[in-house]
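# A structural walkthrough
One letter stands for each residue in the lines below.
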Amino acid sequence: TETLFKALDISEKHKFDFLTGNIYSNLGAPYFNQNNYDKSIGYAQKSLDFNARTGNENGFSSSYISMANGYGMKGDLKKARNHSFKAIDAIFH
């Protein structure tokens, strides 16, 4: 994760918006693997929010999928299902 945070600093400094959104998404993976689902979901939400602000709709589906996985592991199946459907909608938008 340290390398991802360094990459995030560089990406934000140089305004590489597409890359910044992807880095936020990737930051959630290590937390997911450590069973820290709240933090994983938080980074997926940051990715989604960033991509929405910058108009990168291509990043929406992966953010929604990451959130669906996190909610599913937390046992919140309603939110997992809703975010899964949002991911599908984002793909076919």
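Our subject is the structure listed above.
The text that follows walks through the structure, step by step, so that each part is easy to find. No experiment lies behind these values; they were computed from the predicted model shown.

## Details of the nonpolar core
- Core analysis: the largest hydrophobic core is formed by 10 residues, namely I41, A44, L48, F60, Y64, M67, Y71, A80, A87 and A90.
- Where this core is concerned, the elements lending two or more residues are α3 (37-54), α4 (60-74) and α5 (77-91).
- The element best represented in this core is α4, accounting for four residues.
- Look past the residues within four positions of A87 in its chain and what remains in contact with it is S61, Y64 and I65.
- Counting seven residues, the second-largest nonpolar core is a separate cluster that includes Y24, Y31, Y43 and F50.

## A closer look at the pattern of salt bridges
- On inspection of all chains with the given rule, the structure shows two salt bridges.
- K6 is the partner of E2 in a salt bridge, and the nearest nitrogen-oxygen pair spans 3.5 Å. You can see E2 and its partner K6 sitting in helix α1 (residues 2-13), four residues apart, about one turn around the helix. For the pair E2 and K6, one class covers both residues: exposed.
- As a salt-bridge pair, D38 and K74 come within 2.4 Å of each other at their nearest N and O atoms.

## Re α4
- Helix length check: α4, at 15 residues, gives a terminal C-alpha distance of 21 Å against a target of 21 Å (1.5 Å per residue), a fit within 8%.
- Restricting attention to buried positions, one finds in α4 the residues F60, S61, S63, Y64, M67, A68, G70 and Y71.
- Looking at the buried side of α4, the elements it contacts are α2 (17-33), α3 and α5.
- Once α4 ends, the next one or two residues include G75, with phi positive near 90°.

## Notes on the packing of aromatic side chains
- One pass over the structure, following the stated rule, counts four aromatic pairs.
- Ring geometry for Y31 and Y43: centres 5.7 Å apart, planes at 10°, overall stacked. A residue pair is termed long-range when its members are at least 10 positions apart, and Y31 in helix α2 and Y43 in helix α3 qualify at 12 residues. Summarising the burial analysis for this pair, Y31 and Y43 share the class buried.

## Quick notes on unusual backbone geometry
- In this model, K15 sits at a positive phi of 60°, which is unusual for a non-glycine residue.
- Inspection of the secondary structure assignment puts K15 in the loop between α1 and α2.
- If you check the backbone angles, N35 has positive phi at about 65° while not being a glycine.
- Structurally, N35 can be placed in the loop between α2 and α3.
- A relative accessible area of 53% means that N35 is categorised as exposed.

Rules used in this analysis
Residue positions within a chain follow its written sequence, with the count starting from 1. It should be noted that, the model being predicted, local features are given only for residues of pLDDT at least 70 and side-chain atom pairs only at 80 or more, the latter also being counted only at that level, while totals for whole chains, interfaces and linings use all residues. Where side-chain values are given, they derive from all heavy atoms of the structure, hydrogens and water being excluded. To qualify as a nonpolar core, a set must consist of buried Ala, Val, Leu, Ile, Met, Phe, Trp, Tyr and Cys residues joined through side-chain atoms within 4.5 Å. Three labels apply to residues, based on accessible area from a 1.4 Å probe with only protein chains included: buried if under 20% of the type maximum, exposed if over 50%, partly exposed otherwise in between. Under the scheme used here, helices are H or I runs from DSSP no shorter than 4 residues and strands are E runs no shorter than 2 residues, and both carry numbers assigned from the N terminus. Residue contacts follow a heavy-atom distance rule, with two residues in contact if any of their heavy atoms lie within 4.5 Å. We count a salt bridge whenever a side-chain nitrogen from Lys or Arg sits within 4 Å of a carboxyl oxygen from Asp or Glu. What a helix is expected to span follows from its residue count: subtract one and scale by 1.5 Å. Each Phe, Tyr or Trp ring, with Trp reduced to its six-membered ring, pairs with another whose centre is within 6.5 Å; inter-plane angles below 30 degrees give stacked pairs, above 60 give edge-to-face pairs, and intermediate values give tilted ones.

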